[in-house]
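This is what each chain is made of:
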Amino acid sequence: MSHAANETAAPAAGTPVAEETSDTRPADQSSQGGAGGIESFDIVLKVRRYLPEASEESYWDEWRLTMYGTDRVLDALHKVKWDHDGTLSFRRSCAHGICGSDAMRINGRNRLACKTLLKDLDLSKPIVVEPIKGLPVEKDLIVDMDPFFQSYREVMPFLVAKGQEPTTERYQSQADRARYDDTTKCILCAACTSSCPVFWTDGQYFGPAAIVNAHRFIFDSRDDAGDMRLEILNDKEGVWRCRTTFNCTDACPRGIQVTQAIAEVKQAILARTF
Amino acid sequence: MSSATAQAPAKNGRGTLYRGHGGMWSWVGHRVTGVVIFFYLLVHVLDTAMVRVSPEAYDAVMESYKTWYFALGETALVAAVLFHALNGLRIILVDFWKGGTRHHKTLLWVVLALWAVLLIGFSVRHLTLAFGGH
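Residues numbered from 1 in each chain as written. Chains lettered and ligands numbered in written order. Predicted model: local features only at pLDDT ≥ 70, side-chain atom pairs only at ≥ 80, totals over all residues.

## Topic: the sheet that holds strand E4 (residues 109-112) of chain A
The strands making up a sheet associate through hydrogen bonds between their backbones, and the pairing can be parallel or antiparallel. All names here are of chain A. The strand order across the open sheet built from 5 strands is E2-E1-E5-E3-E4, with neighbouring strands paired in mixed fashion. Each edge of the open sheet is held by one strand with a lone partner, namely strand E2 (59-68) and E4. Here the average twist between neighbouring strands, direction ignored, is 35 degrees. Inspection of the sheet shows strand E1 (residues 40-49) paired to strand E5 (residues 127-130) by 3 bridges, in the parallel sense. By the bridge assignment for E5, Val 47 is matched with Val 129. Sheet strands in contact with helix H1 (residues 73-84) are E1, E2, strand E3 (103-106) and E5, and its direction is about 105 degrees off that of E2. (Pairing = 2+ DSSP bridges. Helix = DSSP H or I, 4+ residues; strand = E, 2+ residues; numbered from the N terminus. Axes fitted to C-alpha atoms, helices over the stretch in contact; angles between N-to-C directions. Contact = placed C-beta atoms within 7 Å.)

See the structure below:
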């Protein structure tokens, strides 16, 4: 995004960098220059801040910004960080919904900032951005993801195929491939796990994301460690902690039917036992 | 796995509530009604145990149950039990019926409709008895 493409000249020494605020920018639908024809609007961005080096307390920070119809919440955060307050901290890498870095709570629900268009939100009210719940906040919107990845590792998220190594590729029918297609889409953004009320209060729970990634291998016809994974998840802190609130299914930016995947693992455990 | 419950203190203006949908709120309702029913059971054990003290004490307790405010309380109790029972059946379906996860929203509406019908039926009968005399 280049809202400030006209600011190329380096500022003279001593003069502050010209800061673009909403006051100096022509508001409303005036189709100006680079943004030709794209609607623009004023938004209020309200972000939950936590700066441990300054204070132990979290607080709310607000910015009024002029944004465009093609902008996402991530663009608004960029605008704040680049033009207004460089201390604002958040994670993002690819910015296109693939890397899974920028999961955050937008207007009370877990979303990827890079996949949430501003124009789809209610702009008459401030857009409220908070870190995802249930994981320790390190700074602003950045949380400690270690517990999340720890439970991911525990379900052995890799192919285990032993004996009779094929000399050609491992054959899998289209139907067998389709069996676990939904759960291959996971990008490990933690939006599901941190939307789960059980996970908020019980950090020991594996969480939806780990179960989804176990599902991806349990139902893979080439994999031989399904029983072991089912054994791992047949635990007090495993699939049976799921209370089917469907928050995870709603939060998943990839549209994975998370609760259904968990239910399928539950049924697989029971089918194996009897 | 290490515990992940420690949150940054949020005293200065609290964080917002997670805006879940029907699934989350039915779960909250299930928890609340579960706790309500549990406390009712405690009281119920106590009042039936009064018969061990003396039949008169038991009768005295039973007499107090026939007042209008206990009738309202009983209606609330039946509301809680009905919701907990119907929603419990829904959760079983979501967990173990193949189409359960796909139709969970419909199932919730069915639960709420059944709950309303049964509760209205019960309330009419129970409250006319309680307020209208015998």
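So that's the structure; there's more coming.
## Structural notes on unusual backbone geometry
Residue and element names in this part refer to chain A. For Met 156, which is not glycine, the phi dihedral falls at a positive 55 degrees. Tracing the chain through its elements places Met 156 in the loop between helix H2 (146-154) and helix H3 (174-179). Take Met 156: there are 16 C-beta atoms within 10 Å of it, and that puts it in the partly exposed class. Its identity as a non-glycine residue notwithstanding, Phe 246 has a phi of 65 degrees, on the positive side. Counting through the fold element by element, Phe 246 comes out in the loop between helix H6 (226-233) and helix H7 (247-251). (Buried ≥ 20, exposed ≤ 12 C-beta atoms within 10 Å, placed from the backbone.)

## With respect to the confidence of the model for chain B
Residue and element names in this part refer to chain B. Put simply, chain B has an average pLDDT of 87, and 89% of its residues get 70 or more. Taken as a whole, residues 1-11 scores under 50 in pLDDT and shows 27 contacts with residues more than four places along the chain or in a different chain. This complex was scored by the predictor with a pTM of 0.83 and an ipTM of 0.80. (pLDDT = per-residue confidence, 0-100.)

## Concerning the packing of helix H3 (residues 68-96) of chain B against helix H4 (residues 104-132) of chain B
Residues and elements named next belong to chain B. Between H3 and H4, the least distance of the axes is 9 Å, while the angle of their chain directions is 160 degrees. With respect to H4, the axis of H3 lies roughly antiparallel. Considering the relative orientation of H3 and H4, their crossing is right-handed. For the contact of H3 with H4, a count of residues per class yields 20 nonpolar, 5 polar and 2 charged. (Parallel < 35°, antiparallel > 145°, perpendicular 65-115°, else oblique. Left-handed = near helix turned anticlockwise from the far one by under 90°. Nonpolar A, V, L, I, M, F, W, Y, C, P; charged D, E, K, R; others polar.)

## Here we look at the interface of chain B and chain A
In this complex, chain B contributes 30 residues to the contact, which on the side of chain A involves 36 residues. With 4 residues, H3 of chain B is the single largest residue contributor to the side of chain B that touches chain A. A class-by-class count of the residues in the side of chain B that touches chain A yields 13 nonpolar, 14 polar and 3 charged.

## Notes on the packing of helix H1 (residues 22-53) of chain B against H3 of chain B
Residue and element names in this part refer to chain B. Where H1 contacts H3, the two axes come as close as 9 Å, and the packing angle between them is 130 degrees. Considering their axes alone, H1 and H3 lie oblique with respect to each other. As H1 runs across H3, the sense of the crossing is left-handed. Facing H1, whose interface residues are Ser 26, Gly 29, His 30, Thr 33, Gly 34, Val 36, Ile 37 and Tyr 40, H3 presents Leu 77, Ala 80, Val 81, Phe 83, His 84 and Asn 87. Of the residues belonging to the contact of H1 with H3, the class tally is 7 nonpolar, 7 polar and no charged.

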